[in-house]
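Next come the chains, spelled out residue by residue.
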Amino acid sequence: MRAHPKTHPREQRRGVPREAMPRILVVDDDVDAADSLASLLQAAGHGDARVAYTGASALALAVEFVPTVALVDLDLPDMSGYELARHLSQHPQLHALRLIALTADNEHPGRELAREVGVERYLIKPVGSADLAELFA
């Protein structure tokens, strides 16, 4: 599957120029979940969100889009979310990238590995608007 760009946010934070808004990459192989999360991010004015449904498409899109935040599902079909996070965190263009893990399991066993690859926190799916508001506060 290929990456799917979303449109710019309908609502912007008041007084914040579009170029200062976060550039958010949502990576999840569940197409509906990824698209819904990107739509929720944009509707809430958190930033410009793009989606990718595989690790490979996320890597390609990240180089083009240069996100400031990546929400990465840990269970992707072509590579683990940890592997993707490692690739993203080591890319020279993405030195300021915030990595957020998406998981359905609150007791995910790879927390130590997550820290090693630069994941700053976990969000439990489905991600709600309160979680996003806290993340982007």
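The structure presented is a predicted model; accordingly, all values stated were derived computationally and were not measured.

A. Spotlight on the overall build of the chain. In terms of regular secondary structure, the chain is built from five helices and six strands. For the chain, the sequential pattern of α-helices and β-strands runs β-β-α-β-α-β-α-β-α-β-α. Split into buried and exposed, the 137 residues of the chain put 47% on the buried side. Considering only residue pairs separated by 6 or more positions, the chain has 66% of its internal contacts joining residues 24 or more positions apart. Element-wise, carbon and sulfur atoms account for 52% of the exposed surface of the chain, whose accessible area totals about 7000 Å².

B. Up close: helix 2 (residues 55-65). Among the residues making up helix 2, those that are buried are G55, S57, A58, L61, A62 and F65. Projected down its long axis, helix 2 carries its buried residues within an arc of 150°, all on one side. Away from its buried face, by an angle of more than 90 degrees, helix 2 presents the exposed residues A60 and E64. Positive backbone phi, approximately 50°, marks V66, located one or two places after helix 2.

C. Structural view of the environment of I124. Relative to the elements of secondary structure, I124 occurs in strand 6 (residues 119-124). Residue class for I124 comes out partly exposed when judged on its relative accessible area of 31%. Between the C-alpha atom of I124 and that of D73, which follows or precedes it by 51 residues, the distance is 9.9 Å. Those residues within four positions of I124 in sequence are excluded, and the remaining contacts are T103, A104, D105 and N106.

D. Broad picture of the nonpolar core. One finds L25, L84, L88 and L99 to be the most contacted residues of the largest nonpolar core, which totals 24 residues. Elements that contribute at least two residues to this core include exactly strand 2 (23-27), helix 2, strand 4 (69-73), helix 3 (81-90), strand 5 (98-103) and strand 6. The contact partners of L99, leaving out residues within four places of it in the chain, are A70, V72, A85, L88, S89, V117, G118, V119, E120 and R121. In this structure, A34, L71, L132 and L135 belong to the second largest nonpolar core, which totals 18 residues.

E. View of a negative patch on the surface. Taken together, the side chains of D29, D30, D32, D75, D78, E83, D105 and E107 make up a negatively charged region of the molecular surface. Examined against the element boundaries, D75 turns out to sit in the loop between strand 4 and helix 3.

F. A look at the pairing of strand 5. Taken across its six residues, strand 5 has five buried, putting it largely inside the fold. Sheet topology note: the strand 4/strand 5 ladder contains five bridges and is parallel. When the sheet's bridge partners are listed, D73 is paired in strand 5 with L102. Relative to strand 6, strand 5 runs parallel, the two sharing five bridges.

Calculation criteria
Residues numbered from 1 in each chain as written. Predicted model: local features only at pLDDT ≥ 70, side-chain atom pairs only at ≥ 80, totals over all residues. Heavy atoms only, no water. Helix = DSSP H or I, 4+ residues; strand = E, 2+ residues; numbered from the N terminus. Buried < 20%, exposed > 50% of the residue type's maximum accessible area, 1.4 Å probe, protein only. Contact = heavy atoms within 4.5 Å. Areas by Shrake-Rupley, 256 points an atom, 1.4 Å probe, with all protein chains shown as cover. Arc of directions from axis to C-beta. Core = buried A, V, L, I, M, F, W, Y, C linked by side-chain atoms within 4.5 Å. Patch = residues over 30% accessible without salt bridge, like charges linked within 9 Å, V, L, I, M, F, W, Y side chains within 5 Å. Salt bridge = Lys/Arg side-chain N within 4 Å of Asp/Glu carboxyl O. Lys, Arg positive; Asp, Glu negative; His and termini not counted. Charge placed at Lys NZ, Arg CZ, Asp CG, Glu CD. Pairing = 2+ DSSP bridges.

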